[in-house]
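Structure assessment
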Amino acid sequence: MLPTPDYVFWFATGSQDLYGDECLKTVAAHSQEMVAGLNASGALPFPVVWKPTLIDSVSIEGTLQAASDDPKCAGVILWMHTFSPAKMWIHGLQRCRKPLMHLHTQFNREIPFADIDMDFMNTNQSAHGDREFGHMMTRMGVPRKVAVGHWTDPRVQAKIASWMRTAVGVVESAHLRVVRFGDNMRDVAVTEGDKVEAELKFGWSVDAYDVSEMAKAADAVPAADVEALTDRYYADYDIILEGRDPAEFRRHVAEQARIELGLRAFLDGHDYQAIVTNFQTLGGLRQLPGLAIQRLMADGYGFGAEGDWKTAAMVRLLKAMGAGIKDAKGSSFMEDYTYHLVPGAEAILQAHMLEVCPSIASGKPAIKVDFLSMGEREDPARLVFTCKPGAGTACSLVDLGHRFRLIVNAVECLPQDVPMPKLPVASALWKPLPDLPTAAEAWIYAGGAHHTAFTLDLTPEQILDWGDAMGIETVLIDKDTTIRAFRNELRWNEAAFR
Ligand code: MN
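What you see is a predicted model; the values in this text were computed from it and never measured.

**Here we look at the overall build of the chain**
- Broken down by element type, the chain carries 15 helices and 19 strands.
- Relative to its length of 498 residues, the chain is compact, with a C-alpha radius of gyration of 25 Å against a globular reference of 23 Å.
- In terms of overall dimensions, the chain has a C-alpha envelope of 85 × 55 × 40 Å along the principal axes.
- Here the chain holds 498 residues, and the buried ones make up 55% of them.
- Across the chain, every contact between residues at least 6 apart in sequence was considered, and the portion connecting residues at least 24 apart equals 79%.
- For the chain, the exposed area adds up to about 20700 Å²; of that, 55% sits on carbon and sulfur atoms.
- The distance from the centre of the 48 positive side-chain charges to the centre of the 65 negative ones in the chain is 1 Å.

**Some words on the pattern of salt bridges**
- In the structure shown here, the tally under the stated rule is 32 salt bridges.
- In this structure, Arg 251 and Glu 378 form a salt bridge, with 3.7 Å as the shortest nitrogen-oxygen distance. Taken together, the residues span a long stretch of sequence, with Arg 251 in helix α10 (residues 246-270) and Glu 378 in the loop between β13 (366-369) and β14 (381-384) at a distance of 127 residues.
- When the shortest N-O distance is used, the salt bridge between Arg 295 and Glu 260 registers 2.9 Å. With Arg 295 in helix α11 (residues 291-298) and Glu 260 in helix α10, the pair connects residues that are 35 residues apart, well separated along the chain.
- The class for Glu 260 is buried, based on a relative accessible area of 1%.

**So, the coordination of the manganese ion**
- Every protein donor of the manganese ion is listed here as Glu 306 (OE), Glu 335 (OE), His 352 (NE2) and His 451 (NE2), and their distances to the metal cover 2.1 to 2.2 Å.
- All donors of the manganese ion come from a single chain, and their spacing in sequence reads E-x28-E-x16-H-x98-H. In this pair, Glu 335 sits in strand β11 (residues 331-340) while His 451 sits in strand β18 (residues 451-455), placing the two residues 116 residues apart along the sequence. Accessibility classification places Glu 335 together with His 451 in one group, the buried group.

**Topic: the packing of aromatic side chains**
- Scanning all chains against the criterion turns up 16 aromatic pairs.
- Taken together, a centroid distance of 6.4 Å and an interplanar angle of 55° make the contact between Phe 11 and Trp 79 tilted. Here Phe 11, found in strand β1 (residues 8-14), pairs with Trp 79, found in strand β3 (residues 73-80); they are 68 residues apart in sequence, far enough to count as distant. The two residues Phe 11 and Trp 79 agree in class, both being buried.
- Ring centres of Trp 89 and Phe 133 lie 4.8 Å apart, and the angle between their planes is 65°; on these two criteria the pair is classed as edge-to-face. Highlighted residues: Trp 89 in the loop between β3 and α3 (90-95) and Phe 133 in helix α5 (residues 126-140), separated in sequence by 44 residues. In this structure, Trp 89 and Phe 133 share a single accessibility class: buried.
- One aromatic cluster is present, formed by Phe 181, Tyr 209, Phe 266 and Tyr 272 through successive ring pairs.

**Quick look at the pairing of β1**
- Counting buried residues along β1, seven of its seven residues qualify, which places the element largely inside the surrounding structure.
- Residues Val 8, Trp 10, Ala 12 and Gly 14 line one face of β1 and the alternating positions Phe 9, Phe 11 and Thr 13 line the opposite face, and both faces are buried.
- Note: β1 against β3, seven bridges, orientation parallel. Note on β3: the bridge partner recorded for Val 8 is Cys 73.
- Here β1 runs beside strand β2 (residues 48-50); their pairing, made up of three bridges, is parallel. By the bridge assignment for β2, Phe 11 is matched with Trp 50.
- For the segment spanning β1, helix α1 (residues 20-40) and β2, crossover handedness is right-handed.

Conventions adopted
- Residues numbered from 1 in each chain as written.
- Predicted model: local features only at pLDDT ≥ 70, side-chain atom pairs only at ≥ 80, totals over all residues.
- Heavy atoms only, no water.
- Helix = DSSP H or I, 4+ residues; strand = E, 2+ residues; numbered from the N terminus.
- Rg over C-alpha atoms; globule rule 2.2 N^0.38 Å.
- Buried < 20%, exposed > 50% of the residue type's maximum accessible area, 1.4 Å probe, protein only.
- Contact = heavy atoms within 4.5 Å.
- Areas by Shrake-Rupley, 256 points an atom, 1.4 Å probe, with all protein chains shown as cover.
- Lys, Arg positive; Asp, Glu negative; His and termini not counted.
- Charge placed at Lys NZ, Arg CZ, Asp CG, Glu CD.
- Salt bridge = Lys/Arg side-chain N within 4 Å of Asp/Glu carboxyl O.
- Donors = N, O, S within 2.8 Å, 3.2 Å for Na, K, Ca; no water.
- Phe/Tyr/Trp six-rings, centres within 6.5 Å; stacked < 30°, edge-to-face > 60°.
- Pairing = 2+ DSSP bridges.
- Right-handed = clockwise from strand over helix to strand, strands pointing away.

Structure (structure tokens):
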């Protein structure tokens, strides 16, 4: 897998020196116990690292600056054990470049009604200390996630765990690099966008190369390496010959192995984590990259077709956010392809001309070689499979000219029971929530694309939180969506995000 750092999250507790050393000792002991408890819970995907209590402007600024400078720190969890006057936080929050969670909790779960005294009251003040702090975050417009409840509550821990993956998406976004081979598909609108604004907003470097660079990298791959990878394909996947000559079939498959190895060398040599192709710009390539792209996606690289660099970047971020999930079900580039419009059973068949990620495959993928009118090259090899059933999330980042909008749709992937032997591409069949007519109507009002970044491993909330952290407009289409409310939200957002 394309590696990500061994991220950790810092836990910083706010207080002040008004209460004396005894109180501060208690505060430190409590927060250390909480960090140990969170780490021992097994609920969090990343370790939490305790930091000394923050009691003044200097210690706050120093800690948040250090967090910003530490490439392994993916975010900071902040909690005010006692009152912590929030003017002290201004300089630190101005310096902070890492995702923030405001954990609104309290060390003690119960109020000891029979014994409570002013010592207890003054040691357990987050009910008002966290409000003082929250006010400053709001006044400064600092993006953050707020989680409320006792720190031992599994629901609170699940919220922290969920946000941690969003935070990884935020820090990975800051240095994401996308390579485009060729330009946007001629005449297509929604795959275009402002790449300079994307670098300002999201941190993405989006660079174009002539496709001859890809062909050159593929041609430079030693024949023995191509043979070895082709052997691995034959070991790992079923082969569907469909009457084709086995030697000719293998030659077509080997061409994808050559492209895969060439692309890997190019991406790693130039430090790119996402790739964009365009079938109108294939130069000296003998096939449109199909199987090669599918394998790279499964390895954690982002992908977008027809010049779609925004979706390529989003696919990479979904891969990074989902990295390390136990029993992960996968993420992929996807396209709304064709409809099943039977009343009550409406669904969308998702596919692409070749490039669907086999991480979402239900069962063992198979290799097919088939005619492809697009690209006017020889028949490309591709993996075919259907998608695992279950809840998923599809998203589309569009450029409206003066701002970006992230559209997120909760979907339900349906079992694909009826074989589709004549379909030469991988596919998913999903019902968008709340139902196809409502979801598609809302999607179209929102200006969503036909391409999506799709995941079976992340929730709409995690992706919306990423958009909030980027400071862009986000809209959700899910089980609660009604057209009337959704259209009003779009109207109001026109004012809010102008
Ligand atoms: Mn497409």
